[in-house]
Amino acid sequence: MRKLAMATATILAAGATAAQAADMGYYGSRTPYTVNQPLNAFSWAGPYLGGNLGYSFGNVTNNITKPSGFSGGVQGGYNWQSGNIVFGLEGDIQFSTADDTFAPYKFSNPWFGTARGRVGYAMNDVLLYATGGLAFGQLKGQNLLITESHTTAGWTVGAGAEFAFAPKLSAKVEYLYGSLSTNNFFITGAPNGYNFGLVRAGINYHF
């Protein structure tokens, strides 16, 4: 009986050693690890390209007209991400139907664009951000006899929120306030510029 017990103990010990060795081999290439964010967290880093639709409303300096209307265009940019902080650069170009007529004058803003920096805070698939930079565009004036237009530059600031709803797609809503600097218009005899607010929604594809 003693010999049988010793043999049984030896077999069990050998089996335990073999099982332990097998476990080490199994987990050797699957060592658990810890990261700073979930494995399925959306990465905002990299280039993107998209389109948008919106509505702008504004006023012409030194004139009573208030051009407003729908706009649409394309945007593109690049993001860098460090933890929850996202930095980026974005540019866009827009076509606009914003116009207004009062008395003999009609002013419109046929197109505009921006080149901006962005900084935001990412909560996995949601990004909240502030933005600001250069604005540029055309202000067109008309009276009964003459049409005159000037292309000028200015500034813009704003904020927005972006939501990733697919591995490479995100949707955003954004508000911008912009100001195009004044130019001397012959038809008014005064320096006229354009101040505007813009609310828009868009979709981006992330490469």
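About the criteria used
- One numbering rule holds for all chains: residues counted from 1, following each sequence as written.
- Residue-level local features of this predicted model are given only where pLDDT is at least 70; pairs of side-chain atoms are given and counted only at 80 or more, and the full residue set underlies all totals for whole chains, interfaces and linings.
- Excluding hydrogens and water, the side-chain values take into account all heavy atoms of the structure.
- Strands are runs of DSSP state E lasting at least two residues, helices are runs of H or I lasting at least four, and both sets are numbered from the N terminus onward.
- Each residue is placed in one exposure class: buried if its accessible area under a 1.4 Å probe, protein chains only, is under 20% of its type's maximum, exposed if it is over 50%, and partly exposed if it falls in between.
- Residues count as neighbours in contact if any of their non-hydrogen atoms are within 4.5 Å of one another.
- Residue-level accessible areas treat just the shown protein chains as cover; the underlying method is Shrake-Rupley with a 1.4 Å probe.
- Confidence of the prediction at every residue is given by pLDDT, a number between 0 and 100.
- The set of buried Ala, Val, Leu, Ile, Met, Phe, Trp, Tyr and Cys residues whose side-chain atoms join them within 4.5 Å is what this entry labels a nonpolar core.
- Any two of the Phe, Tyr and Trp rings considered here, Trp counted by its six-membered ring, make a pair once their centres fall within 6.5 Å; the pair's planes then place it as stacked at under 30 degrees, edge-to-face at over 60, or tilted in between.
- Criterion used throughout: strands pair if DSSP finds at least two bridges between them.

Enquirer: Looking at this structure, I do not really get the overall build of the chain. What am I missing?
Expert: Check the secondary structure of the chain and you find one helix and 10 strands. From first element to last, N terminus to C terminus, the chain shows the α and β order α-β-β-β-β-β-β-β-β-β-β. For the chain, buried positions account for 36% of its 207 residues. A sequence separation of at least 24 residues applies to 61% of the contacts in the chain between residues at least 6 apart. For the chain, the accessible surface area stands at approximately 11,600 Å², while carbon and sulfur atoms represent 67% of it.

Enquirer: For this particular structure, what's the right way to read the confidence of the model for the chain?
Expert: Low pLDDT marks stretches whose predicted atomic positions should not be read closely. Of the residues in the chain, 81% have a pLDDT of 70 or more, and the chain-wide mean is 86. Predicted confidence for residues 1–37 stays below pLDDT 50, and this span has two contacts to residues more than four positions away or in other chains.

Enquirer: Which parts of the structure should I look at to understand the nonpolar core?
Expert: Counting 13 residues, the largest nonpolar core has Leu 139, Tyr 194 and Phe 196 as the members making the most contacts within it. The set of elements that each furnish at least two residues to this core consists of β7 (126–142), β9 (169–185) and β10 (190–206). The residues touching Tyr 194, leaving out its near neighbours within four places in the chain, are Ser 56, Phe 57, Gly 58, Asn 59, Val 60, Pro 67, Ala 98, Asn 109, Leu 139, Gly 178, Ser 179 and Leu 180.

Enquirer: Please explain the packing of aromatic side chains as it appears in this structure.
Expert: Two aromatic rings, taken as a pair, are described by how far apart their centres are and by the angle between their planes. Taken as a whole, this structure holds nine aromatic pairs when the rule is applied. Here Tyr 78 and Trp 80 contribute two aromatic rings whose centre-to-centre distance is 4.9 Å and whose plane-to-plane angle is 50°, an arrangement assigned as tilted. The partly exposed category is assigned to Tyr 78, whose relative accessible area is 37%. One aromatic cluster in this structure is built from Phe 112, Tyr 194 and Phe 196.

Enquirer: Is there a simple way to think about the pairing of strand β6 (residues 111–123) in this case?
Expert: In regular strands, side chains alternate between the two faces of the sheet. With 11 bridges joining them, strand β3 (residues 85–96) and β6 adopt antiparallel strand pairing. Considered in β6, the bridge of Val 86 is made with Gly 120. Alignment of β6 against β7, held across 12 bridges, turns out to be antiparallel. Considered in β7, the bridge of Ala 115 is made with Leu 134. In this structure, the hairpin formed by β6 and β7 is closed by a connection of two residues, where Asn 124 is found at a positive phi of approximately 60°.

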